[in-house]
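# What the coordinates show
Residue strings, one per chain:
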Amino acid sequence: MVTQLQSPDKSNIIYPDDNGEPMSDNTEQFRLIVWIKENSELLFANDPNVFVAGDLLWYPVEGNNKLCQAPDVMVVFGRPKGYRGSYKQWNEDNIGPQVVFEILSPGNRLTPMIQKFKFYERYGVEEYYLFDPQTLELTGWQRIEEELETIEQMDGWISPRLGVRFGLSETGLEMFGPSGEPFVSFVELAQLRQQAQARAQEAEEQAQNAQQRATEAETLLEQERSRSQALESRLREMGIDPNEL
């Protein structure tokens, strides 16, 4: 008698939304994750079919809840924006993230980072960027056929998918949108908005002052016309032709 083992019902498998690991180990790592995620989201704010997430568990294979990674930032082209507890690829037209970012922290170990690289390579990531805030080292890989190949020069590199240009300075990582606009923090964005509002208010006040001065000048001109007409009338009453003066 042969007993056939039945496969577990995939519909009963639970895919946790939390892997128990912290999003970041320090304030700088957290700042960079939020900075890249929010600016990438802003970059595609008007495209309903670009999904951007930070620290979201990605399950590429249905039926295996152990096989997952949570990129610090991931960008998925061809999927709608919206809430996800996790990214289950089989529910997303089997479209996986095309671009992922990782920010190193002192707690990162070599073996897990190698495992992440192999995971991203195996499951179709097209661009993988890794930045170390301590050493200011930026490494990138681009998919060439079935493998992720190292990008030789990252300073000045333009992401084929994002259109973002990378730069490195003495203070750290720099990123620029397709139009050359730099990635900024939420605080910097708020300050820029405040400055724009202040400039707009100043311009409006200047326009109002100019209008007021124009109105005052028109009033004075009208007063001069009235006085001139009154003087002409008075001269004519006296029998004097103003044109002969």
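Let me sum up the structure you'll find in this document.

All right, on to the overall build of the protein chain then. A count of helical and extended segments in the protein chain gives 3 helices and 10 strands. Seen in sequence order, the protein chain has helices and strands lined up from the N terminus as α-β-β-β-β-β-α-β-β-β-β-β-α. Seen along its three principal axes, the alpha-carbon backbone of the protein chain occupies a region of about 140 × 45 × 35 Å. Evaluated residue by residue, the protein chain yields a buried proportion of 34% over its 245 residues. In the protein chain, once contacts between residues fewer than 6 apart in sequence are set aside, the share between residues at least 24 apart is 56%. Taken as a whole, the protein chain presents about 15900 Å² of accessible surface, with 50% of it coming from carbon and sulfur.

Let's shift gears to the pairing of strand β3 (residues 73-77). Counting buried positions along β3 yields 5 of 5 residues, so the element is predominantly enclosed. Judged by which residues are buried, β3 turns out to be covered on both faces: Val-73, Val-75 and Phe-77 on one side and Met-74 and Val-76 on the other are all buried. Direction of pairing for strand β1 (residues 50-54) relative to β3: antiparallel, over a ladder of 5 bridges. In the strand pairing of β3, Gly-54 is matched with Val-73. Relative to strand β5 (residues 99-103), β3 is paired through 3 bridges, and the arrangement is antiparallel. Pairing of Val-75 across the sheet is with Val-99, part of β5.

Mapped onto the elements of the fold, Ile-14 is located in the segment before α1 (27-43). Relative accessible area serves as the criterion here: at 63%, Ile-14 is assigned to the exposed category. Along the chain, Ile-14 and Pro-133 lie 119 residues apart, while their C-alpha atoms are 35 Å from each other.

Take the nonpolar core next. Counting residues in hydrophobic clusters, the biggest one holds 25 residues, and the most contacted among them are Ile-36, Phe-101, Tyr-129, Leu-162, Phe-166, Leu-173 and Met-175. Only α1, β1, β3, β5, β6 (127-132) and β10 (172-176) provide two or more residues apiece to this core. Ranked by residue count, the leading element in this core is α1, at 4 residues. Each residue touching Tyr-129, except ones within four places of it in the same chain, is listed here: Val-99, Val-100, Phe-101, Glu-102, Thr-139, Gly-140, Ile-151, Met-154, Trp-157, Ser-159, Pro-160 and Phe-166. Tyr-87, Met-113, Tyr-123 and Val-125 belong to the second-largest nonpolar core, a separate cluster that totals 19 residues.

Basis of the calculations
- Every residue gets a number counted from 1 within its own chain, in the order that chain's sequence is written.
- Residues qualify for local features only when their pLDDT is at least 70, as the model is predicted, and side-chain atom pairs are given and counted only at 80 or more; totals for whole chains, interfaces and linings, by contrast, use all residues.
- Each side-chain value is derived from all of the structure's non-hydrogen atoms; neither hydrogens nor water enter the calculation.
- Under the scheme used here, helices are H or I runs from DSSP no shorter than 4 residues and strands are E runs no shorter than 2 residues, and both carry numbers assigned from the N terminus.
- Each residue gets one of three labels from its accessible area relative to the maximum for its type: buried under 20%, exposed over 50%, partly exposed in between, using a 1.4 Å probe on protein chains only.
- Contacts are assigned to residue pairs with any non-hydrogen atoms lying within 4.5 Å of each other.
- We get accessible surface area from the Shrake-Rupley algorithm with a probe of 1.4 Å; when it comes to residues, only the shown protein chains can shield them.
- At least two DSSP bridges between two strands are required for those strands to pair.
- Here, the term nonpolar core denotes a set of buried Ala, Val, Leu, Ile, Met, Phe, Trp, Tyr and Cys residues that are joined through side-chain atoms within 4.5 Å.

Take it as geometry only, folks, not as evidence of what the structure does.
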